[in-house]
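# Geometric and topological summary
Here is how the chains run, residue by residue.
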Amino acid sequence: MIQTMLLPLAIGLLAMAGGTISLSGGVSGILLGYIIVLSQGIEWFYLLLLFFVIGEAATKYKHRLKCLKKVHQKKRTSKHVVANGGIAALMSMLGGPAGMYGFLGALSAAVNDTVSSEIGVLSKRDPVMITTFEKVPPGTNGGVSVLGTVMGLAASAVFAAAAWALLGASPAPVILAGVMGCFADSLFGALV
């Protein structure tokens with residue numbers, strides 16, 4: 001039990017030491033981790049951790065090139081952490097099948113969006129605006145690319161496979177939630 005309770009703290013401290021998350025983001029992540037561990041257990045936390053690992057890998061992938069293109073992600077703050085994990089934490093407190101699929105859907109959408117954004121900016125083709133299909137510069141809110149879309153779908157599929165292995169969740173709704181959540185985020189980015 002002590003190791004389980006130390007895990008969110010250790011992951012949060014490692015994330016801050018890695019330089020991609022701010023102090024406020026690290027503290028928020030630790031708190032969300034504890035909410036999930038205390039309400040549902042370590043298997044649910046492992047899925048939060050998987051989202052974090054995939055997101056960090058996508059963020060760090062070709063980071064120098066992203067900096068040169070001026071499309072790199074600055075340190076993630078508590079705002080980013082709560083936006084990506086807040087609904088998942090609330091759903092973990094709800095529990096039951098609805099809470100489980102809400103939790104998985106929220107994290108699948110977050111992992112899909114993070115990967116599609118971080119990898120999509122590296123596409124050789126300019127993204128298109130989701131509402132008009134006009135070409136836009138990489139990193140534009142509401143811009144989508146084939147590369148980003150495919151990689152986001154792959155990230156949701158990996159996440160869904162882990163959810164099936166750890167919680168016995170059906171993969172199809174988890175993947176669908178990831179895709180729908182990512183496109184909704186792009187649509188919202190284009191319109192607001």
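In this report, the structure presented in the accompanying data block is examined.

## Some thoughts on the packing of aromatic side chains
Given two aromatic rings, their pairing is described by the distance between the two centres and the angle made by the two planes. Evaluation of the coordinates by the stated rule reveals 1 aromatic pair. Between Trp-44 and Phe-103 the ring centres are 4.8 Å apart and the planes differ by 35°, which places this aromatic pair in the tilted class. Taken together, the positions of Trp-44 in helix 3 (residues 42–60) and Phe-103 in helix 6 (residues 96–120) put the pair 59 residues apart, joining distant regions of the chain. When sorted by exposure, Trp-44 lands in the same class as Phe-103, which is buried.

## A closer look at the nonpolar core
Phe-45, Phe-103 and Leu-104 are the most contacted members of the largest nonpolar core, which has 36 residues in total. Setting aside anything within four residues of it in sequence, one finds Phe-103 in contact with Ile-36, Trp-44, Leu-47, Ala-88, Met-91 and Ser-92.

## Notes on empty space enclosed by the protein
For the structure shown, the criterion picks out 1 cavity of 30 Å³ or more. Of the pockets and cavities examined, the largest cavity occupies roughly 380 Å³. Residue lining of the largest cavity: 23 residues in total, with Ile-21, Gly-29, Phe-51, Phe-52 and Val-81 positioned closest to the centre. Listing elements by their share of the lining of the largest cavity, those giving two or more residues are helix 1 (2–18), helix 2 (23–40), helix 3 and helix 5 (78–94). With 7 residues, the top contributor of residues to the lining of the largest cavity is helix 3. Classifying every residue of the lining of the largest cavity by side-chain character gives 12 nonpolar, 9 polar and 2 charged.

## A short note on the packing of helix 6 against helix 7 (residues 146–167)
Running from N to C, helix 6 and helix 7 point in directions that differ by 150°, and their axes come no closer than 7 Å. The angle between helix 6 and helix 7 falls in the class roughly antiparallel. When you trace helix 6 past helix 7, the crossing you get is right-handed. Every residue of helix 7 that contacts helix 6 at Met-100, Leu-104, Leu-107, Ser-108, Val-111, Asn-112, Val-115, Ser-116, Ile-119 and Gly-120 is listed here: Leu-147, Gly-148, Thr-149, Met-151, Gly-152, Leu-153, Ala-155, Ser-156, Phe-159, Ala-163 and Leu-167. Classifying every residue of the contact of helix 6 with helix 7 gives 13 nonpolar, 8 polar and no charged.

Conventions adopted
- Residues numbered from 1 in each chain as written.
- Predicted model: local features only at pLDDT ≥ 70, side-chain atom pairs only at ≥ 80, totals over all residues.
- Heavy atoms only, no water.
- Phe/Tyr/Trp six-rings, centres within 6.5 Å; stacked < 30°, edge-to-face > 60°.
- Helix = DSSP H or I, 4+ residues; strand = E, 2+ residues; numbered from the N terminus.
- Buried < 20%, exposed > 50% of the residue type's maximum accessible area, 1.4 Å probe, protein only.
- Core = buried A, V, L, I, M, F, W, Y, C linked by side-chain atoms within 4.5 Å.
- Contact = heavy atoms within 4.5 Å.
- 1 Å grid on protein atoms, 1.4 Å probe; cavity = no way out; pocket = protein on both sides within 12 Å on 5 of 7 lines; lining within 4 Å.
- Points joined across faces, edges and corners; volume = space filled by probe spheres on them.
- Nonpolar A, V, L, I, M, F, W, Y, C, P; charged D, E, K, R; others polar.
- Axes fitted to C-alpha atoms, helices over the stretch in contact; angles between N-to-C directions.
- Parallel < 35°, antiparallel > 145°, perpendicular 65-115°, else oblique.
- Left-handed = near helix turned anticlockwise from the far one by under 90°.

These values are about where atoms sit, not about what they do.
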